Amino acid sequence: MLKNDTFLRALLREPVPYTPIWIMRQAGRYLPEYNATRARAGSFLNLCKSPDLATEVTLQPLARYALDAAILFSDILTVPDAMGLGLYFAEGEGPKFERPIRDEWEVRNLSVPDPTVNLRYVLDGVSQIRKALAGSVPLIGFSGSPFTLACYMVEGGGSEDFRHIKGMLYRRPDLLHRILEVTTEAVIQYLNAQIEAGAQAVMVFDTWGGTLTPKAYREFSLHYLTVIAAGLTKQAEGRRVPNIVFTKGGGLWLESIADAGYDAVGLDWTMDMGEARRLVGHKVALQGNLDPMTLFGTPECIRSEVGRVLTEFGPGSGHVFNLGHGITRFTDPDQVTVLVDAVHELSRRPSIAIT
């Protein structure tokens, strides 16, 4: 039995007493306790692949802040790693793959990994975190979107111009569709396995969908996001398992994203929350969308910006407060206390009462 299900209820647009909040990348390098655990692990991958350590860091922000949800500590690139691409992290350079997928034979040989075998460490982490949470708040599972995963798989790591994957998109779209089809099935199986292991909500991070043209976004990202939404487990443990989709830079396509079949749509900070709500009506809940850099302002500024976002959304349920992207490693942890407290306090005010 959940002691605090405000987050899940808000995602389903049910009445809530206040606006719930969690933070993308809430277990991360801005927390000294996280850095200590990561140092103990020896590497980021060791941290991800140890259920004990993943549990430890997942719980760390909840010990500091009155957050309304926990999110599994993992990485979106666990799926292509399980496909045999050889994930590693170069110091100061971010994630890299030893064997990027570019040639036709490599694409044809790509197959869906069995999450219960190749990603067992993630599922064990989900089960262990659920047990450790002891019903305090819900646990969010997640995956990268097919297009976002494909970007890393084809580029071999991060990219400034995405020339390899966009070259494939325009030169051999059939190969990119093949990658996306396999990855879509992998994401569905992976998220459903997380739900079976204990995740109470799931989120798909379409980090790089916003780099596409409108036509390419519909064909190479949104189509596959829609397939995922249809394939996700909707009920577990006697209650709905809400799902969230977030395309960074996707505000221009918000109405189409809201029709993709998800319960909630995440917004980055470039979108006005009130305008977003007007566009989606009662189709979906909205998540977001404070600029992460706001946390470098004064406490008064943070409270003011929180109030602005809450006021833009207006009265009624269906809003989960979050940043418009992940929190940066340079954020002062005390600023997050200001943020969380402001959301809880201000969202209870009569002027922006949640009914």
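Here the structure is shown first, and the text comes after it.
**Comments concerning the packing of helix H11 (residues 173–197) against helix H12 (residues 214–231)**
Turning to step 1, where the next piece is worked out: Across the interface, H11 lies against H12 with an axial gap of 10 Å and an inter-helix angle of 30°. Judged by the inter-axis angle, H11 sits roughly parallel to H12. When you trace H11 past H12, the crossing you get is right-handed. Only Glu219, Phe220, Tyr224, Val227, Ile228 and Gly231 of H12 make contact with H11, whose side of the interface consists of Pro173, Leu176, His177, Leu180, Glu181, Thr184, Val187, Ile188, Leu191 and Asn192.
Turning to step 2, where the next piece is worked out: Looking at the contact of H11 with H12 residue by residue, the classes come out as 10 nonpolar, 4 polar and 2 charged.

**Details of the nonpolar core**
Turning to step 1, where the next piece is worked out: Counting residues in hydrophobic clusters, the biggest one holds 130 residues, and the most contacted among them are Phe7, Trp22 and Leu339.
Turning to step 2, where the next piece is worked out: Sort the elements by how many residues they give to this core and H11 lands first, with 13 residues.
Turning to step 3, where the next piece is worked out: Ignoring any residue separated from it by four or fewer positions in sequence, one finds Phe7 in contact with Pro20, Trp22, Asp68, Ala69, Pro138, Ile140, Ala201, Ile244, Gln287 and Val320.

**Digging into the packing of aromatic side chains**
Turning to step 1, where the next piece is worked out: Counted by the stated rule, this structure contains 6 aromatic pairs.
Turning to step 2, where the next piece is worked out: Look at Tyr217 and Trp253: their rings are 4.2 Å apart centre to centre, the planes differ by 15°, and that puts the pair in the stacked class. Here Tyr217, found in helix H12, pairs with Trp253, found in the loop between strand S8 (243–247) and helix H13 (254–258); they are 36 residues apart in sequence, far enough to count as distant. Across this residue pair, the class does not change: Tyr217 and Trp253 are buried.

**A word on the pairing of strand S2 (residues 87–90)**
Turning to step 1, where the next piece is worked out: As judged from the 4 bridges shared by S2 and strand S3 (residues 94–97), these two strands associate in the antiparallel manner. Looking at the pairing, Tyr88 lines up with Lys96 of S3.
Turning to step 2, where the next piece is worked out: Taken together, S2 and the strand that follows it, S3, pair antiparallel across an intervening segment of 3 residues, in which Gly92 is found at a positive phi of about 80°.

**Re unusual backbone geometry**
Among all residues save glycine, negative phi is the norm, and among peptide bonds the norm is trans.
Turning to step 1, where the next piece is worked out: For the peptide bond that leads from Gly288 to Asn289, omega is 0°, which places it in the cis range.
Turning to step 2, where the next piece is worked out: Here Arg25, not a glycine, exhibits a phi torsion of approximately 70°, which is positive.
Turning to step 3, where the next piece is worked out: You can see Arg25 is positioned in the loop between helix H1 (6–11) and helix H2 (32–41).
Turning to step 4, where the next piece is worked out: On the basis of relative accessible area, Arg25 is assigned to the partly exposed category, the value being 48%.
Turning to step 5, where the next piece is worked out: Although it is not a glycine, Ala134 sits at a positive phi angle of roughly 50°.
Turning to step 6, where the next piece is worked out: Mapped onto the secondary structure, Ala134 falls in the loop between helix H8 (120–133) and strand S4 (139–144).

**Description of the sheet that holds S4**
Turning to step 1, where the next piece is worked out: The strand order across the open sheet built from 7 strands is S1-S4-S5-S8-S9-S10-S11, with neighbouring strands paired in parallel fashion. Of all strands in the sheet, those bounded by a partner on one side alone are strand S1 (70–71) and strand S11 (319–320).
Turning to step 2, where the next piece is worked out: Sheet analysis places S1 next to S4, joined by 2 bridges and oriented parallel. Bridged to Ala70 within S4 is Leu139.
Turning to step 3, where the next piece is worked out: Across the sheet, H12 is in contact with strand S5 (201–206) and S8; its angle to S5 comes to roughly 170°.

**Considering the pattern of salt bridges**
Opposite charge on two side chains permits pairing when their charged atoms draw close.
Turning to step 1, where the next piece is worked out: According to the stated counting rule, one finds 19 salt bridges in the structure shown.
Turning to step 2, where the next piece is worked out: The shortest N-O distance in the salt bridge between Asp174 and Arg108 comes to 3.6 Å. Taken together, the residues Asp174 in helix H11 and Arg108 in helix H6 (residues 104–109) connect sequence positions 66 residues apart.
Turning to step 3, where the next piece is worked out: What makes Arg108 partly exposed here is its relative accessible area of 41%.
Turning to step 4, where the next piece is worked out: Residues Lys283 and Asp259 are paired through a salt bridge, measuring 2.8 Å at the closest nitrogen-oxygen approach. Taken together, the residues span a long stretch of sequence, with Lys283 in the loop between helix H14 (273–280) and strand S10 (285–287) and Asp259 in the loop between H13 and strand S9 (264–266) at a distance of 24 residues.
Turning to step 5, where the next piece is worked out: What emerges from the salt-bridge pattern is a single network uniting Glu104, Arg108, Arg172 and Asp174.

**Some details on the packing of helix H9 (residues 146–155) against helix H10 (residues 163–171)**
Turning to step 1, where the next piece is worked out: Here H9 crosses H10 at 110°, and the two axes come no closer than 8 Å. Taken together, the axes of H9 and H10 lie roughly perpendicular to each other. Counting all contacts with H9, which are made through Phe147, Ala150, Cys151, Val154 and Glu155, the residues of H10 involved are Arg163, His164, Ile165 and Met168.
Turning to step 2, where the next piece is worked out: A class-by-class count of the residues in the contact of H9 with H10 yields 6 nonpolar, 1 polar and 2 charged.

**Concerning the pairing of S5**
Turning to step 1, where the next piece is worked out: Most of S5 is tucked away, with 6 of its 6 residues classed as buried.
Turning to step 2, where the next piece is worked out: Taking every second residue as pointing to the same face, both faces of S5 are buried, with Ala201, Met203 and Phe205 on one and Val202, Val204 and Asp206 on the other.
Turning to step 3, where the next piece is worked out: As paired elements, S4 and S5 share 5 bridges and run parallel to each other. What sits directly across from Ser143, in S5, is Val204.
Turning to step 4, where the next piece is worked out: Bridge count for S5 against S8 is 5 bridges, and the pairing is parallel. For Phe205, the partnering residue across the bridge sits in S8 and is Phe246.

Definitions and cut-offs
The residue numbers shown here count from 1 along each chain, following its written sequence. A pLDDT threshold of at least 70 governs which residues receive local features in this predicted model, and a stricter bar of 80 or more applies before side-chain atom pairs are shown or counted, although totals over entire chains, interfaces and linings include all residues. Side-chain metrics in this entry use all non-hydrogen atoms of the structure; hydrogen atoms and water are not considered. Here, axes are lines fitted to C-alpha atoms. For helices the fit covers the stretch in contact, and angles between N-to-C directions go from 0 to 180 degrees. Counting from the N terminus, the helices are DSSP H or I runs at least four residues long and the strands are E runs at least two residues long. Any angle between 65 and 115 degrees counts as roughly perpendicular, while under 35 counts as roughly parallel, over 145 as roughly antiparallel, and the rest as oblique. By definition, any crossing whose near helix is turned counterclockwise from its far helix by less than a right angle is left-handed, and any crossing with a clockwise turn is right-handed. In this analysis, two residues are considered to be in contact whenever any of their non-hydrogen atoms come within 4.5 Å of each other. Here the nonpolar group is Ala, Val, Leu, Ile, Met, Phe, Trp, Tyr, Cys and Pro; Asp, Glu, Lys and Arg are the charged ones; every other residue, Gly included, is treated as polar. What makes a nonpolar core is a set of buried Ala, Val, Leu, Ile, Met, Phe, Trp, Tyr and Cys residues whose side-chain atoms join them at distances within 4.5 Å. A 1.4 Å probe rolled over the protein chains alone gives each residue an accessible area, and that area as a share of the maximum for its type sets the label: buried under 20%, exposed over 50%, partly exposed in between. Classification of ring pairs uses Phe, Tyr and Trp, with its six-membered ring standing for Trp, and accepts pairs whose centres are within 6.5 Å; under 30 degrees between planes counts as stacked, over 60 as edge-to-face, and the remaining range as tilted. Strands qualify as paired when DSSP identifies two bridges or more between them. Any Lys or Arg side-chain nitrogen found within 4 Å of a carboxyl oxygen on Asp or Glu counts as a salt bridge.

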